[in-house]
Number of protein chains: 2
Amino acid sequence: MAQIDFTQEYWLTAAQCNAQRELPLSSLIRQIIDVATEHANRIGVGAARLAEDDNTWVLSRISIVMDSYPRMHHSYSITTWIESFARFFSERNFVIRDQDGNPLGYVRTVWICINRTTHRPADISALAADAPKDPQRPCPIPAIGKLHLPDHFDSQREYTFRVCDIDFNRHVNAVVYTSLIIDQLDLDTLDRHFIRSFDINYQHESFFGETVTIASQTDNLTPSQESPAVMTLSGAIMRDTTPCVLARLTLAPR
Amino acid sequence: MAQIDFTQEYWLTAAQCNAQRELPLSSLIRQIIDVATEHANRIGVGAARLAEDDNTWVLSRISIVMDSYPRMHHSYSITTWIESFARFFSERNFVIRDQDGNPLGYVRTVWICINRTTHRPADISALAADAPKDPQRPCPIPAIGKLHLPDHFDSQREYTFRVCDIDFNRHVNAVVYTSLIIDQLDLDTLDRHFIRSFDINYQHESFFGETVTIASQTDNLTPSQESPAVMTLSGAIMRDTTPCVLARLTLAPR
């Protein structure tokens, strides 16, 4: 009987915390990838199974909405399940819970299957039948969307990818992009606000030695009953005129 | 009965790996800090106990010698014990073992106790009597030494610390310095060599927004029976003319 969901327990040490003594968003994304990988392996749709057909999973989009973050010296857990399993992609959701089991936030992700030789989308319909899906399970955050390149930017800087930025697949690590976008904010802003939502679209891979431009645009928002967010940052990581990554985050008062 | 040592088990996921599909040295240092913190807490000499006297631990020096690194999808463990507990500092050692219990490498560290108000060394003699020490336990790597600023540098670059570089104590994270030093190497060098030894001395704290110069000097070595290392990199992270961090690593062929 295939496991319909998978939960990993964590404990947040001091050395793992950010300046606000919380789980960094970049670490949360690394753990989301870890949990997704482990669940996929357990139900027989992991990278090893896809490699039999010369295919692999590529993380395409992440959408995160948090009420608050796991805190230093606290336990938390991440649970994942599959919402859908289509011909060329799969939607996988997550809930992050505190030590009492209360939800701290939710995550939606889209994973595309590509052929490792052609780099074209690969048909995974044959696996779909066996993959345990739970489409009715609530994930009370907006449907995952496509981000667009902002019209203009109010902040830009250059960055060259170095050895510590490269992952086991020889690409720039998905987690590194997240830190580069968050680094467009300053410490005082993050002391007064938390990252209420974070969306990222991975569009093109980057590699060792490449220089990119990290560009962002900040706008004030009018908080509403639905969303307490007061500020948005739209960011792009560009290689020449090609956006490798698009991201958007909103900040809410602590 | 105070616990004379403490062991933490780990499993290396793909998302945690570097480009060589091994545990990154920066992650090893984070885990060393985690394991030291947990052992110190368990034996009653952790940050909470020191805070009663307005004191805190500061990691001063690390010396690591590795035969090889934990590999992707493998288990490993880190064991720590106290070698000495003096008036103003404590020496704490570590062994990293593979899934079969064979040593992969050893670590020596020096931790200084400072007063949080005066920032001066604090006397911890009163705690020494109760702390379980194991001075006879073998740690077969050279005694930890003091590094010196190299005479000249063959590579220099500037870096400005951003929000994701800051730790729970509002300083630049000890792990970030390690990545900045390793980033002086290129991918091809690390594909052909592994970091045989790594020494780092933390001399002065850095803070959000500060710009530092990362400078390094590379020299070829003559490998000997005692050490297979073929290359050394001496690095410094300087704020103006003040070295915040000195580091030295050697590379051996894979």
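Everything quoted here is computed from the prediction, not taken from an experiment.

(A) The relation of the copies chain A and chain B, seen in detail. With an RMSD of 0.0 Å, chain A superimposes on chain B once it is rotated by 180 degrees and translated 0.0 Å along the axis. In symmetry terms, the pair is related by a two-fold rotation axis. Relative to the rotation axis, the closest C-alpha in chain A is found at A:Tyr159, a distance of 5.1 Å. When the interface residues of chain A are mapped onto chain B, 100% of them are again interface residues, pointing to one common binding face.

(B) Here's a closer look at the interface of chain A and chain B. Taken together, the contact pairs 33 residues of chain A with 33 residues of chain B. Between chain A and chain B the total buried area reaches about 3,000 Å² when both faces are included, carbon and sulfur atoms providing 57% of it. The interface formed by chain A and chain B includes 2 salt bridges. Put simply, A:Asp191 and B:Arg170 hold a salt bridge, and the shortest N to O gap is 2.5 Å. Remark: the boundary between chain A and chain B carries 17 residue pairs in polar contact (both at pLDDT 80 or more). Per-class residue counts for the side of chain A that touches chain B are 15 nonpolar, 8 polar and 10 charged.

(C) Fine view of the environment of A:Thr178. In this structure, A:Thr178 sits in helix H4 (residues 174-182). Excluding anything up to four places from it in sequence, A:Thr178 contacts A:Leu25, A:Ser26, A:Ile29, A:Phe198, A:Ile200 and A:Tyr202.

(D) Quick look at the sheet that holds strand E5 (residues 103-115) of chain B. Residues and elements named next belong to chain B. Strand order across the open sheet formed by 10 strands is E1-E3-E4-E5-E2-E7-E10-E9-E8-E6, with antiparallel pairing between neighbours. The outermost strands of the open sheet, each flanked by one partner alone, are strand E1 (5-11) and strand E6 (155-160). Averaged over all pairs of adjacent strands, the angle between strand axes in this sheet comes to 20 degrees, irrespective of strand direction. Pairing analysis gives 9 bridges linking strand E3 (residues 75-85) to strand E4 (residues 89-98), with the strands arranged antiparallel.

(E) Seen up close, the side chain of A:Ser84. Residue and element names in this part refer to chain A. Inspection of the secondary structure assignment puts serine 84 in strand E3 (residues 75-85). A distance of 2.6 Å separates the side chain of serine 84 from the side chain of glutamate 91, its partner in a polar contact. Beyond its immediate chain neighbours, meaning those up to four positions away, serine 84 contacts Ser90, Glu91 and Lys133.

(F) The sheet that holds strand E5 (residues 103-115) of chain A, seen in detail. Residue and element names in this part refer to chain A. Strand order across the open sheet formed by 10 strands is E1-E3-E4-E5-E2-E7-E10-E9-E8-E6, with antiparallel pairing between neighbours. The sheet is open, and its two borders are formed by strand E1 (5-11) and strand E6 (155-160), each paired with just one other strand. Averaged over all pairs of adjacent strands, the angle between their axes in this sheet comes to 20 degrees, without regard to strand direction. Note that strand E4 (residues 89-98) and E5 share 9 bridges and pair antiparallel. Within the sheet, the bridge partner assigned to asparagine 93 lies in E5 and is arginine 108. Across the face of the sheet, helix H1 (residues 25-42) comes into contact with E1, strand E2 (55-66), E3, E4, E5 and strand E7 (193-202) while running at roughly 140 degrees to E1.

(G) Just the packing of aromatic side chains, in detail. Under the counting rule described, the total for this entry stands at 10 aromatic pairs over all chains. On the numbers, 6.0 Å between centres and 80 degrees between planes, the contact of A:Phe161 with A:Tyr177 is edge-to-face. Residue A:Phe161 is found in the loop between E6 and H4, and its partner A:Tyr177 is found in helix H4; the two are separated by 16 residues along the sequence. Comparing A:Phe161 with A:Tyr177, the two get one shared label, buried. Between B:Tyr10 and B:Tyr76, the aromatic rings sit 5.2 Å apart at their centres with planes inclined by 15 degrees, giving stacked as the arrangement. With B:Tyr10 in strand E1 and B:Tyr76 in strand E3, this residue pair connects regions lying 66 residues apart in the sequence.

(H) Examining the side chain of A:Gln31 more closely. Residues and elements named next belong to chain A. Secondary-structure assignment places glutamine 31 in helix H1. Taking relative accessible area as the criterion, glutamine 31 reaches 11% and is therefore assigned buried. Setting aside chain neighbours within four positions, we find glutamine 31 in contact with Tyr10, Leu23, Tyr76 and Ile78.

(I) Structural context of the pairing of E5(A). Residue and element names in this part refer to chain A. Where burial is concerned, most of E5 is hidden: 11 out of the 13 residues are buried. Where E2 meets E5, 11 bridges bridge the pair, whose relative direction is antiparallel. Bridging from a neighbouring strand, arginine 61 pairs with valine 110 of E5.

(J) Geometry of the pairing of strand E8 (residues 211-220) of chain A. Residue and element names in this part refer to chain A. As defined by bridge partners, E6 adjoins E8 across 6 bridges and the pair is classed as antiparallel. Note that in E8 the partner of arginine 157 across the bridge is isoleucine 214. Examined bridge by bridge, E8 and strand E9 (residues 231-239) share 8 bridges and lie antiparallel to one another. When the bridges of E9 are listed, serine 216 appears paired with glycine 235.

Calculation rules
Within any chain, residue numbers begin from 1 and follow the written order of that chain's sequence. Chains carry letters and ligands carry numbers; both start at the beginning, A for chains and 1 for ligands, and go up in the order they are written. This being a predicted model, a pLDDT of at least 70 is required before a residue's local features are given, and a value of 80 or more before pairs of side-chain atoms are given or counted; all residues contribute to the totals for chains, interfaces and linings. The side-chain quantities take in all heavy atoms of the structure and omit both hydrogens and water. Least squares is the method for superposing the copies, and the C-alpha atoms it fits come from residues with pLDDT of at least 70 in both. Only heavy atoms matter for contacts: two residues are in contact if any of them lie within 4.5 Å across the pair. As used here, buried area is the combined drop in accessible area, with a 1.4 Å probe, of two parts when they are placed together. By convention in these notes, a salt bridge is any Lys or Arg side-chain nitrogen within 4 Å of a carboxyl oxygen on Asp or Glu. Polar contact criterion, stated in full: a pair of N or O atoms within 3.5 Å, where within protein one must be able to donate a hydrogen and the other to accept it, and residues adjacent in sequence count only if both atoms are side-chain atoms. Under the scheme applied, nonpolar residues are Ala, Val, Leu, Ile, Met, Phe, Trp, Tyr, Cys and Pro; charged residues are Asp, Glu, Lys and Arg; polar residues are all the others, including Gly. Only DSSP runs of H or I covering at least 4 residues are called helices, and only runs of E covering at least 2 are called strands; the numbering of each starts at the N terminus. Paired strands, in this sense, are two strands between which DSSP finds at least two bridges. Here an angle of 0 to 180 degrees is reported between the N-to-C directions of two axes, which are lines fitted to C-alpha atoms, with helices fitted over the stretch in contact. What counts as a ring pair is set by centres within 6.5 Å for rings of Phe, Tyr and Trp (its six-membered ring), and what kind of pair is set by the plane angle: stacked under 30 degrees, edge-to-face over 60, tilted for all other angles. Only protein chains enter the accessibility calculation, which uses a 1.4 Å probe; a residue whose area is less than 20% of its type maximum is buried, one above 50% is exposed, and one in between is partly exposed.

The analysis is restricted to geometry; functional conclusions fall outside its scope.
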